[in-house]
Amino acid sequence: MWTKVADPGAVANGSLLRVEAAGKALALASVDGRVTALDDLCPHFGASLSDGSIEGSVVVCPWHGREYDLLTGRCIGFQDVNAYPVEVREDGIFVLISA
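Residues numbered from 1 in each chain as written. Predicted model: local features only at pLDDT ≥ 70, side-chain atom pairs only at ≥ 80, totals over all residues. Heavy atoms only, no water.

Undergrad: Describe in detail the pairing of strand β3 (residues 24-31), supporting the description with residues and values.
TA: In the sheet, strand β2 (residues 16-21) pairs with β3 via six bridges, with the strands oriented antiparallel. Each bridged residue has a counterpart across the sheet, and for glutamate 20 the counterpart in β3 is alanine 25. A loop of two residues connects β2 with β3, the two strands running antiparallel in sequence, and alanine 22 in this loop sits at a positive phi of about 50°. Relative to strand β4 (residues 34-39), β3 runs antiparallel, the two sharing six bridges. Paired with serine 30 across the two strands is valine 35, which belongs to β4. Hairpin geometry of β3 and β4 is characterised by an intervening segment of two residues between the two adjacent antiparallel strands and by a positive phi of about 50° at aspartate 32. (Pairing = 2+ DSSP bridges. Helix = DSSP H or I, 4+ residues; strand = E, 2+ residues; numbered from the N terminus.)

Undergrad: Please provide a residue-by-residue account of the sheet that holds strand β7 (residues 67-69), values included.
TA: Taken in spatial order, the three strands make up an open sheet running β5-β6-β7, and their pairing is antiparallel. What marks the edges here is a single partner per strand, and that holds for β5 (53-55) and β7. Strand-to-strand, the axes of this sheet are offset by a mean angle of 35°, without reference to chain direction. Here strand β6 (residues 58-60) runs beside β7; their pairing, made up of three bridges, is antiparallel. Paired with valine 60 across the two strands is glutamate 67, which belongs to β7. (Axes fitted to C-alpha atoms, helices over the stretch in contact; angles between N-to-C directions.)

Structure, rendered in structure tokens:
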């Protein structure tokens, strides 16, 4: 189900924003005009990825530096996080959360 999580332009290029959709905390990221969504919690110790930093095409966990690909959620050498499809529409930013 597509869920509106933010207004258009709510996440500035090169930044992160914590949002909720279907009871899940998500980290929205905007890089080079593309908006992505990942689970917000790092599986290592539960740090909020939306408090991390963006370096190229990855978000860096603020606690221990784990790097997660913003498009796929993949983490080299550690547990991945979920990545979700995002649509930026005239009326908002929507994330697809499967039941």
